[in-house]
Amino acid sequence: MRTRALRCLRSVSAVGALLCALSGQAQPHMPEEQLKAAFVFNFAKYIEWPAEEGTLAQIVACVIGDAGAIGDALSAFHGRAVAGRTFQVRRHVQPEEVDRCHIAVLSDSSDRRVVAVLKQVPAQAVLTVSDADGFVDGGGMIGIVRSGDRLQFDINQAALQRANLKASSQLLKLARNLGGRPR
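All chains use their own residue numbering, which begins from 1 and follows the written sequence. Owing to the predicted nature of the model, reporting of local features is limited to residues with pLDDT of at least 70; listing and counting of side-chain atom pairs is limited to 80 or more, with chain, interface and lining totals taken over all residues. Where side-chain values are given, they derive from all heavy atoms of the structure, hydrogens and water being excluded.

Engineer: So what's going on with the overall build of the protein? Residues and values would help.
Structural biologist: Scanning the protein for helices and strands turns up eight helices and eleven strands. Looking at the protein residue by residue over its 183 residues, the buried ones come to 50%. Summed over all atoms, the accessible surface of the protein reaches about 8800 Å², with 48% contributed by carbon and sulfur. Secondary structure elements follow DSSP: runs of H or I of four or more residues count as helices, runs of E of two or more count as strands, with numbering from the N terminus. Think of it in three bands: residues with accessible area under 20% of the maximum for their type are buried, residues over 50% are exposed, and the middle band is partly exposed, with areas taken using a 1.4 Å probe on protein chains only. Each accessible area is a Shrake-Rupley result for a 1.4 Å probe, and residues are judged covered by the shown protein chains and nothing else.

Written out as structure tokens, the structure is:
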């Protein structure tokens, strides 16, 4: 067990946190908000944006409102390479500015902002991610959830399709639920 945990800790920099979390291995001992931020960063690797969005040199992750500690943790990934592009983090973004983002990150403390963003996103290719309770059931695309002592995620495939986004089969396989259907 200790060997697996050490292996996970060594690879936390990018894919590690997500894959360790989802493969049934022990999650690295790090603050939960850092793990959530690693999830968001890694989702960018497994989502395909429409062609006009896919040619951009950057993946822009916008933290809607202050988004608390997850916004702070996500800033650690600013400037890193992801899927051949540069991962950019913008903080304190207002819901009406979400069209400038590839990923909109909403915290569980911004319920009104969640609703405002979700109303704007279907016609835009913006991946919505949150740790808010019931986020996927409310129309969000990827919800990060705590299940026992592990973080997992749910995917709303219908919401992804409405936004013309495609999740890789690898990401779909790792999801706890797809569109509210337990696996």
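Engineer: Residues and numbers for the state of the cysteines, please.
Structural biologist: We call a pair of cysteine sulfur atoms a disulfide whenever their separation is within 2.5 Å. Within the structure shown, the criterion is met by one disulfide. Here Cys 62 engages in a disulfide with Cys 101; their sulfurs sit 2.1 Å apart. One quick way to see it: the torsion about the S-S bond of Cys 62 and Cys 101 is about -100°, and its sign makes the bridge left-handed. On the criterion of sequence distance, the pair formed by Cys 62 in strand 2 (residues 58-64) and Cys 101 in the loop between strand 4 (85-93) and strand 5 (103-106) is long-range, its members being 39 residues apart. On the accessibility criterion, Cys 101 (4% relative accessible area) is buried.

Engineer: Tell me what's going on with the side chain of Asn 156, and back it up with residues and numbers.
Structural biologist: Within the secondary structure, Asn 156 is located in the loop between strand 8 (150-155) and helix 7 (157-162). Pairing of N or O atoms within 3.5 Å defines a polar contact, subject to two protein rules: one partner must be a possible hydrogen donor and the other a possible acceptor, and residues neighboring in sequence count only if both atoms are side-chain atoms. From its side chain, Asn 156 meets the backbone oxygen of Gly 140 in a polar contact 3.4 Å long. A distance of 3.2 Å separates a polar atom in the side chain of Asn 156 from the backbone nitrogen of Ala 158. Not counting the four nearest positions on each side in its chain, Asn 156 is found in contact with Val 136, Gly 139, Gly 140, Met 141 and Gly 179. By definition in these notes, contact holds between two residues if any of their heavy atoms fall within 4.5 Å.

Engineer: So what about the pairing of strand 6 (residues 127-130)? Which residues, and what values?
Structural biologist: Covered by surrounding structure in strand 6 are Leu 127 and Val 129 together with Thr 128 and Ser 130, the residues of both alternating faces. Judged from the two bridges that link them, strand 6 and strand 7 (residues 142-147) form a sheet pairing that is parallel. Considered in strand 7, the bridge of Val 129 is made with Ile 142. Strands are treated as partners if at least two bridges between them are detected by DSSP.

Engineer: I'd love a proper account of the nonpolar core, names of residues and values included.
Structural biologist: Among buried residues, those of type Ala, Val, Leu, Ile, Met, Phe, Trp, Tyr and Cys that are joined through side-chain atoms within 4.5 Å constitute a nonpolar core. Ranked by internal contacts, the top residues of the largest apolar core, which has 55 residues, are Leu 74, Phe 87, Ile 103 and Leu 127. The dominant element in this core, judged by the number of residues it contributes, is helix 3 (residues 32-46), at nine residues. With near-sequence residues (within four places) excluded, Leu 127 lies in contact with Phe 43, Ile 47, Trp 49, His 102, Ile 103, Ala 104, Met 141, Ile 142, Leu 160 and Leu 165.

Engineer: Go over the pairing of strand 4, please, and point to the residues and values.
Structural biologist: Sheet topology note: the strand 2/strand 4 ladder contains six bridges and is parallel. If you follow Ala 61 over to strand 4, its bridge partner there is Val 89. One ladder, built from two bridges, connects strand 3 (residues 81-82) with strand 4; its direction is antiparallel. The partner of Val 82 across the bridge, within strand 4, is Arg 85. Here strand 3 folds back onto strand 4, and the loop between the two strands holds two residues, one of which, Ala 83, carries a positive phi near 50°.

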